[in-house]
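# Inside the fold
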Amino acid sequence: MQVEDIVMDGHPVPVLIQCEDTGSFELDEEALEEVLLNPKIADKYVCVLAVAGAFRKGKSFLLDFLLRYMSSQQSQEWLGDVDQPLQGFKWRQGSKRETTGVLIWSEPFLIKKRSGEEIAVILMDTQGTFDIQSSMKDSTTVFALTTMVSSVLVYNLMNNIQEDDLMNLQLFTSYGMLAQEDCDSAHPFQRLHFLVRDWGFPYEVPYGHQGGQKLLDEILLVTEKQHPAHQEVRRDLRKCFRDINCYLMPHPGFNVIQKADFDGRLADIEEEFVNHLKVLVPRLLSPENLVKKEIGGQPIKARDLLKFFTLFMEVFKDSDLPEPTTLVEFAAQASSQAALEAGKEFYAETMEALVGGDRPFLKTVQMEAEHSKAKERAIQTYLEKNKYGRKNQSVVEKYQLMLEEEVGKMFLKYSQQNEAKNVFKAARTPATLFSVLMF
Ligand code: GDP
Ligand code: MG
């Protein structure tokens, strides 16, 4: 049977850009808005799958296979024709560095959870050094942002998982840990997936998921003999992520790294690598593994994710690394923002059930009484959900006022909607009275 080429919509969108002159980072809010406020997804819960790690280790190359799988609508034939060049996020031969930054795919994908609920999946590529020594601030901004906004973080490594790799990751997750200090229940981050490329010891530990789990268990084991800093990094990672997985990939073959005109076609890639892609890619992108992004224990929608990008960039806009106090403040704001959205949603649902759509007209006094009750409970919802905010009372109060303002605006909208159903007012002329009586 002839296998068709997989057709892919979209293009990479740079969202975090480094300014050439000053070296500082800027968020392209317009570009982000275009993707996250797309009506197809704006009000859906969102999963952000990001691939992070050092330069030139096949991150974008892998992401393009993820794109191919999503574009084929998870079909059995998702790999397509063996002679189809690999496209999507730009990947390339050679050792030259590319600019540092974060890119997302312009077309979000919708996937159905087992419950029937649809969530939006955003694929994110990163370009940076991912090591503490070289250009600390650059890589910290890129990878701390990636860690903060993703719900599935694929940490792409070469040959093995080294102590340095864990230490680097700890730096980026430390922001999440600071946020977690005030909160004893939820993990600040959701899934971490170590992806080891060109796994070096397949005769000791086999390729694949099970081998990966075995390696991970050995590496993350805390023993008395370890240096205290090494013990701590392991404990931190377990505390930070709800779920940690690992997959060991074979080498893709010499065409991939040496053939001058290699364009990513499967025909040039080692069969063993392709066979593992067939397992790894559907596994990474299975609905149960595509978890919703949560902030402060609350799942968030695409529309709200936009606010977290901007909040986060506020923290990192200065030339120095942020102080811990700034980060605690950031955590309080992020948590308050998520709780505010939950409060608004509660209010909207309550009022919608009372006066929305085809509900009958409510008398003004009744409407006001219901509004006060719903507002009170929306504030309660806000306070209950605002786990990280609690230690910073002024932030909690500021966002509570914002919630009250938003609720006020929504009340006006519902009042107008309700008034429009007032047949006594509408029936001023015999013609309208007639239509009201008829229908
Ligand atoms: P990125 O900078 O991490 O995004 O790396 P790219 O995806 O641009 O790939 C850089 C180079 O690595 C390209 O020449 C790819 O063909 C090659 N490459 C892709 N996957 C692998 C892999 O699993 N192992 C090795 N050794 N090279 C790979
Ligand atoms: Mg790349």
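Overview of the structure. (Residues numbered from 1 in each chain as written. Chains lettered and ligands numbered in written order. Predicted model: local features only at pLDDT ≥ 70, side-chain atom pairs only at ≥ 80, totals over all residues. Heavy atoms only, no water.)

This next bit is on the nonpolar core. Counting residues in hydrophobic clusters, the biggest one holds 85 residues, and the most contacted among them are Ile161, Phe194, Phe309 and Tyr347. Broken down by element, this core gets its largest block of residues, 10 residues, from helix α9 (residues 302-316). One finds Phe61, Tyr69, Leu86 and Leu284 within the second-largest nonpolar core, a separate group that totals 42 residues. (Core = buried A, V, L, I, M, F, W, Y, C linked by side-chain atoms within 4.5 Å. Buried < 20%, exposed > 50% of the residue type's maximum accessible area, 1.4 Å probe, protein only. Helix = DSSP H or I, 4+ residues; strand = E, 2+ residues; numbered from the N terminus.)

Another aspect to go through is the packing of aromatic side chains. Overall, the coordinates contain 9 aromatic pairs when judged by the stated rule. With 5.3 Å between their ring centres and 85 degrees between their planes, Tyr69 and Trp78 make a pair best called edge-to-face. For Tyr69, a relative accessible area of 9% translates into the label buried. According to the relative accessible area criterion, Trp78 is buried, its value standing at 4%. (Phe/Tyr/Trp six-rings, centres within 6.5 Å; stacked < 30°, edge-to-face > 60°.)

Within the fold, Thr381 resides in helix α11 (residues 364-385). In contact with Thr381, other than residues within four places in its own chain, are Ala342, Gly343 and Phe346. (Contact = heavy atoms within 4.5 Å.)

Here Thr147 shows up in helix α3 (residues 136-149). We classify Thr147 as buried; its relative accessible area is 3%. Within the local environment of Thr147, its side chain forms a polar contact with the backbone oxygen of Phe143, the two atoms lying 2.5 Å apart. Each residue touching Thr147, except ones within four places of it in the same chain, is listed here: Leu153, Phe172, Thr173, Phe189 and Lys293. (Polar contact = N/O pair within 3.5 Å; in protein donor to acceptor, adjacent residues only side chain to side chain.)

For the rest of this paragraph, the subject is helix α5 (residues 209-220). For an α-helix, the turn length of 3.6 residues means that residues three or four places apart are oriented alike. Compared with an ideal rise of 1.5 Å per residue, which puts 12 residues at 16 Å, α5 spans 16 Å between its outermost C-alpha atoms and is within 8% of the ideal. Within the span of α5, buried status applies to His209, Gly211, Gly212, Leu215, Leu216, Ile219 and Leu220. Projected onto a plane normal to the axis of α5, the buried residues spread over an arc of 155 degrees and lie on a single side. (Expected span 1.5 Å × (residues − 1). Arc of directions from axis to C-beta.)

Turning next to the packing of α5 against helix α6 (residues 228-240). At a minimum axis distance of 10 Å, the contact between α5 and α6 shows a crossing angle of 125 degrees. As far as their axial angle goes, α6 and α5 are oblique. Residues Asp217, Ile219 and Leu220 of α5 form the contact with α6, whose participating residues are Arg234, Leu237 and Arg238. Split by residue class, the contact of α5 with α6 holds 3 nonpolar, no polar and 3 charged. (Axes fitted to C-alpha atoms, helices over the stretch in contact; angles between N-to-C directions. Parallel < 35°, antiparallel > 145°, perpendicular 65-115°, else oblique. Nonpolar A, V, L, I, M, F, W, Y, C, P; charged D, E, K, R; others polar.)

Running from N to C, helix α2 (residues 59-71) and helix α8 (residues 271-284) point in directions that differ by 65 degrees, and their axes come no closer than 10 Å. Here α2 and α8 pass one another in a crossing that is right-handed. Facing Phe61, Leu62, Phe65, Leu66 and Tyr69 of α2, the residues of α8 in contact are Phe273, Leu277, Leu280, Val281, Pro282 and Leu284. The residue makeup of the contact of α2 with α8, split by class, is 11 nonpolar, no polar and no charged. (Left-handed = near helix turned anticlockwise from the far one by under 90°.)

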